[in-house]
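One-letter residues, chain by chain:
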Amino acid sequence: MKETEKKAPSPDDFRTQARWRVVLRGAATIWRADPLRMSLVLLVALADGFVPVLGLLLMRAVVDLVVSGDLVTGGLSGTGGFRLGLLSAAWLATMVGQYSLSTLSEYLAERTSQRAARVLSERIMDKGLSFEGLAHFEDPAYHDLTGWVNYVFNPVNALVYQSADLVKHAFQFVSVAAVFAALDWWIPLALALSVVPGAIASLRNADARARLEEELKKLDRRVMYLRGRALSSQSVKELRLFSFDRLFRRKAYEAFRETDESNAALARRNLGRQLGATAFRVAAAGGVFLYLASRVRAGAVSAGSLALFLQAIFQFSSSVLMIVMVWSYTRTAADFFSRYLAYTALGDTLDLSRSTRVLEGPLRELRFEDVSFAYPSGAKALDGVSFTLRVGDSLALVGENGAGKSTIVKLVARFYDPGSGRVLANGVDLRELEPRAWRERLSAAFQDFCKFELSLAENVFADGAGTRSLATERLPDLLGGPFLSTLPEGENTALGTEFGGRDLSGGQWQRVAILRAFAKRHELLMVDEPTA
C-alpha cells in the first residue's frame, strides 16, 4: 500500500459523526477506564441533585408552621415547637449533606479524571510507538492531530464533570418542575420558556468558542514552537548572535495579540446576548411571583409555597441553563474524542499484511533492484536505483544534499516501502519480513540523531542499560577515559540540561550517537553523514 493512502485524517473527517455519538463513545471510554469510580460519580451527582429539592420542601414546611399560629398557642414546648425542631434539624442536615456531597462529588470526579487521563495517555503513547512506518511523523496533518490528543486531562476532566452535572441538574430540574406544577400547571412551562433565549445564547457562544479554538489550535502550536525555541538551550546561541530573538519575539507577540483580540470579540458578543436573556428571565420570574403573591392573599396558596418559589426560581432556571451549557460544552469533549478515536484508529503507513516472515540465517546480501521512491508530499527522492551489498563489503554513497542518501537508509530500515522496485535481503523482499525482527539485524548513526535527556548508559544501551556497561562492553573508545572520569556518576550521569544533567558539546553528543550505533548488536551498520 502506498504511503499516501493512509495519511492522518483531516479535521473535516472528524465531523462525519454526530456530536452526541462521539460524546457517548468518549464517555464509554472514560467509563471503561474506571467503571466503579465513574458509577460513584453519577450516584453522588444524583443525590446532589435530590438534596437541595428536599431542603426546599422542608423550608416550606417550616414557614407554613411558623405562620400557622401553632407556635403562638402551644409555644416552643408544645407540639408545634417539637415539629419545628424536627423540621429545622432535618433542614440543617440537608445543608450539611449538600455541601458534603458536593465535596465528595468533586473528589470522585477529579480522581476519575486522573485515572482516565492516565489510561488514555498510555494508549496514545502505545499507538504512536506502534507505527512501523515513518510517513505519519512526516505528515503535518498528523502533527495537527497529535497537537489535540496530547492535551488529555482537560477534555477528560470536563466530560466527567459534565456527566455529573447533567445527572444532577436534570434530576433537579424535573423535581423542581414537579413542585412548581403542584402550585399551578403552567408555571414550570412559563419559566422553562423564559430560559430559552439564554439557552440559545449559550449554545451560540459555545459553538463560536469551539470554532475559535479550532482556528487558534494551529496558532497555539506555532506559539509553543516559538516559545520553546526561545527558551531552549539548543537555540540560545543562534537566537542572540543572528538576532533571531527579535524575530521570534515579534512573531510570538503577534500571535498573542491575535489570540487575545479574538477572545475579547467573542466575550463582548456573548455579554450582550446574556444580559438580554437574563432580563427576560427576571421579568418572567417577577410575573410568576406577583401571581403567587395574589394567590397567597386570596388564601389559595400558602406563604411557605411563596417562600419556596423565591428560593427555587433561580435554582430552576440555572438547572435548565446548566443542562444546555453541559450540552454546548460537550463540543470541546467531542472535538477531543473525535480526534482521539481517529488517532487510535490510524493504520500503519506500511502494508504489513504479508510481513510475517523472519529472515533465516545470517545476512549475506542486501540488494536494491530498480528502486524508485517519492515521499507522500510528492517529492521524488530515488529513481531506478540498483546496487548490491554483500557480507564483508563497505559501501559509501556520495552525492549532493537531497540526492537520496538518507532515503536509502530509511528504505533499508523499512521505515518506508519503495514506490516501485524491490529491496531484498538474501533474496527476500523486505515487505515480506516482520519489521522489528528485520531491524534487530541493523544499526545506524543518523544524521539527525537524538540527544536523549537520559543517563549516558541509557543513551547508549537504551532498555539494556540495566544489564550492560561501557566498562565491560568491547566498544570503540570514542568518549575517552578522561571524559568518563569527569562525570560525577560515571555512565549513570544524566545528560542534557533540561532536567539538570551534564551538558555535552555537539561533537560529544555525536560520539554518543555513534557509540549507540556500535553498541547495538548488528549485522549491517549504516552511518548517515558521519562528519555532520
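Refer to the structure above for everything that follows.
The present account deals with the structure reproduced in this document.

The rules we used
Here the residue index of a chain counts from 1 through its sequence in written order. Since the coordinates come from a predicted model, pLDDT governs what is reported: local features require at least 70, and pairs of side-chain atoms require 80 or more to be given and counted, while whole-chain, interface and lining totals use all residues. Only hydrogens and water are set aside when side-chain values are computed; all heavy atoms of the structure are taken into account. Buriedness for pockets is judged along seven lines, at least five of which must meet protein on both sides within 12 Å for an open set on the 1 Å grid over protein atoms alone, while cavities are sets there where a 1.4 Å probe fits but cannot get out, and lining residues have an atom within 4 Å of a point. Grid points are joined across faces, edges and corners, and a volume is the space filled by probe spheres set on the points. Secondary structure elements follow DSSP: runs of H or I no shorter than four residues count as helices, runs of E no shorter than two count as strands, and numbering proceeds from the N terminus. Residues are grouped as follows: Ala, Val, Leu, Ile, Met, Phe, Trp, Tyr, Cys and Pro are nonpolar; Asp, Glu, Lys and Arg are charged; all remaining types, including Gly, are polar. By definition in these notes, contact holds between two residues if any of their heavy atoms fall within 4.5 Å. Exposure categories follow from relative accessible area, calculated using a 1.4 Å probe and restricted to protein chains: below 20% of the type maximum is buried, above 50% is exposed, and the middle band is partly exposed. Two strands are counted as paired when DSSP detects at least two bridges linking them. Two rings belonging to Phe, Tyr or Trp (six-membered ring only in the last case) form a pair when the distance between their centres is within 6.5 Å. Interplanar angles under 30 degrees mark stacking, angles over 60 mark edge-to-face geometry, and anything in between is tilted. In this scheme, the term charge over a ring applies when either NZ of a lysine or CZ of an arginine sits within 6 Å of the ring centre and within 35 degrees of the ring normal. Axis angles are defined between N-to-C directions and span 0 to 180 degrees, where every axis is a line fitted to C-alpha atoms and, for a helix, only to the segment in contact. Each salt bridge in this description consists of a side-chain nitrogen of Lys or Arg and a carboxyl oxygen of Asp or Glu lying within 4 Å of one another. Helices are assigned an expected span. That span is 1.5 Å times one less than the residue count. The directions considered for the arc run from the helix axis to the C-beta atoms.

1. Details of empty space enclosed by the protein
For step 1, the next point in the chain: This structure, assessed with the given rule, holds two cavities of 30 Å³ or more.
For step 2, the next point in the chain: What the largest cavity holds in volume is close to 50 Å³.
For step 3, the next point in the chain: Along the wall of the largest cavity there are 10 residues; nearest its centre are Ala445, Phe446, Gln510, Ile514 and Asp528.
For step 4, the next point in the chain: The dominant element in the lining of the largest cavity, judged by the number of residues it contributes, is helix α16 (residues 506-519), at three residues.
For step 5, the next point in the chain: In the lining of the largest cavity, the residues fall into seven nonpolar, one polar and two charged.

2. Description of the environment of glutamate 238
For step 1, the next point in the chain: Take glutamate 238: it is sitting in helix α9 (residues 236-241).
For step 2, the next point in the chain: Counting along the chain gives 185 residues from glutamate 238 to valine 53, while the straight-line C-alpha distance between them is 65 Å.
For step 3, the next point in the chain: The residues touching glutamate 238, leaving out its near neighbours within four places in the chain, are Ser243 and Phe244.

3. Looking at the pairing of strand β5 (residues 442-445)
For step 1, the next point in the chain: The side-chain alternation of β5 yields two buried faces, one formed by Leu442 and Ala444 and the other by Ser443 and Ala445.
For step 2, the next point in the chain: With four bridges connecting them, β5 and strand β6 (residues 524-527) associate as parallel partners. Each bridged residue has a counterpart across the sheet, and for leucine 442 the counterpart in β6 is leucine 524.

4. Describing the environment of alanine 471
For step 1, the next point in the chain: The residue alanine 471 is located in the loop between α14 (456-461) and α15 (481-485) in this model.
For step 2, the next point in the chain: For the pair alanine 471 and glutamate 491, spaced 20 residues apart in sequence, the C-alpha separation works out to 8.9 Å.

5. Details of the packing of aromatic side chains
For step 1, the next point in the chain: Per the counting criterion, the structure on display carries 20 aromatic pairs.
For step 2, the next point in the chain: When the centroid spacing of 6.1 Å and the interplanar angle of 35° are considered together, the rings of tyrosine 253 and phenylalanine 256 count as tilted. Taken together, the positions of tyrosine 253 and phenylalanine 256, both in helix α10 (residues 244-297) and three residues apart, correspond to about one turn of that helix.
For step 3, the next point in the chain: According to the relative accessible area criterion, tyrosine 253 is partly exposed, its value standing at 43%.
For step 4, the next point in the chain: These aromatic residues form a ring-pair network of at least three members: Phe131, Phe137, Tyr142 and Tyr343.
For step 5, the next point in the chain: Over the face of the ring belonging to tryptophan 148 we find arginine 339, whose NZ or CZ atom lies 4.2 Å from the ring centre.

6. Focus: the layout of surface pockets
For step 1, the next point in the chain: In this structure, the largest pocket occupies an estimated 1800 Å³ of space.
For step 2, the next point in the chain: The wall of the largest pocket is formed by 42 residues, among which Phe415, Phe446, Phe452, Arg516 and Lys520 lie closest to the centre.
For step 3, the next point in the chain: Of all the elements in the fold, those that place two or more residues in the lining of the largest pocket are α4 (79-130), α12 (405-412), α13 (435-439), β5, α14 and α16.
For step 4, the next point in the chain: Classifying every residue of the lining of the largest pocket by side-chain character gives 22 nonpolar, six polar and 14 charged.
For step 5, the next point in the chain: What the second largest pocket holds in volume is close to 690 Å³.
For step 6, the next point in the chain: When residues of the lining of the second largest pocket are traced back to their parent elements, those giving at least two are β1 (365-374), β2 (380-390), α12 and β6.

7. Some words on α12
For step 1, the next point in the chain: Burial analysis of α12 places seven of its eight residues in the buried class, which makes it a mostly covered element.
For step 2, the next point in the chain: Every buried residue of α12 is listed here: Lys405, Thr407, Ile408, Val409, Lys410, Leu411 and Val412.
For step 3, the next point in the chain: Contacts made by the buried residues of α12 are with β1, β2, α13, β5 and β6.
For step 4, the next point in the chain: A positive backbone phi angle near 55° is found at arginine 414, which sits one or two residues after α12.

8. Overview of the side chain of asparagine 157
For step 1, the next point in the chain: Residue placement: asparagine 157 occurs in helix α6 (residues 153-183).
For step 2, the next point in the chain: By relative accessible area, which is 15% here, asparagine 157 ends up buried.
For step 3, the next point in the chain: Ignoring sequence-local partners within four residues, the contact set of asparagine 157 consists of Ala109, Glu110 and Ser113.

9. Things to note about the sheet that holds strand β3 (residues 420-425)
For step 1, the next point in the chain: Taken together, the four strands give an open sheet; going across it, the order is β2-β1-β3-β4, and neighbouring strands pair in antiparallel fashion. Across the chains shown, the open sheet's two edge strands, defined by having one partner strand only, are β2 and β4 (428-429).
For step 2, the next point in the chain: In this fold α12 packs onto β1 and β2, with an angle of close to 120° to the strand it touches most, β1.

10. Points about unusual backbone geometry
For step 1, the next point in the chain: Within the chain, aspartate 370 stands out as a residue other than glycine whose phi angle is a positive 50°.
For step 2, the next point in the chain: Counting through the fold element by element, aspartate 370 comes out in strand β1.
For step 3, the next point in the chain: In this structure aspartate 370 comes out as partly exposed when scored by relative accessible area, which is 48%.

11. Re the side chain of arginine 441
For step 1, the next point in the chain: Looking at the element boundaries, arginine 441 is found in the loop between α13 and β5.
For step 2, the next point in the chain: Take arginine 441: its relative accessible area is 12%, and that puts it in the buried class.
For step 3, the next point in the chain: Look past the residues within four positions of arginine 441 in its chain and what remains in contact with it is Leu359, Glu360, Gly361, Pro362, Leu363, Lys520, His522, Glu523 and Leu524.

12. Observations regarding the pattern of salt bridges
For step 1, the next point in the chain: The full count for this structure, using the stated rule, is 18 salt bridges.
For step 2, the next point in the chain: We note a salt bridge from lysine 380 to aspartate 383, for which the minimum N-O separation is 3.9 Å.
For step 3, the next point in the chain: Residue classification places lysine 380 among the exposed residues on the basis of a relative accessible area of 57%.
For step 4, the next point in the chain: It is possible to trace a salt-bridge network through shared partners that takes in Glu365, Arg367, Glu369, Arg390 and Arg422.

13. What to know about helix α1 (residues 19-33)
For step 1, the next point in the chain: Its 15 residues give α1 an end-to-end C-alpha distance of 21 Å, which sits within 8% of 21 Å, the value for a rise of 1.5 Å per residue.
For step 2, the next point in the chain: Buried within α1 we find Val22, Val23, Gly26, Thr29, Ile30 and Ala33. Each buried residue of α1 sits inside an arc of 115° when the element is viewed along its axis, so together they form one side. What points out from α1, more than 90 degrees from its buried face, is the exposed set Leu24 and Arg32.

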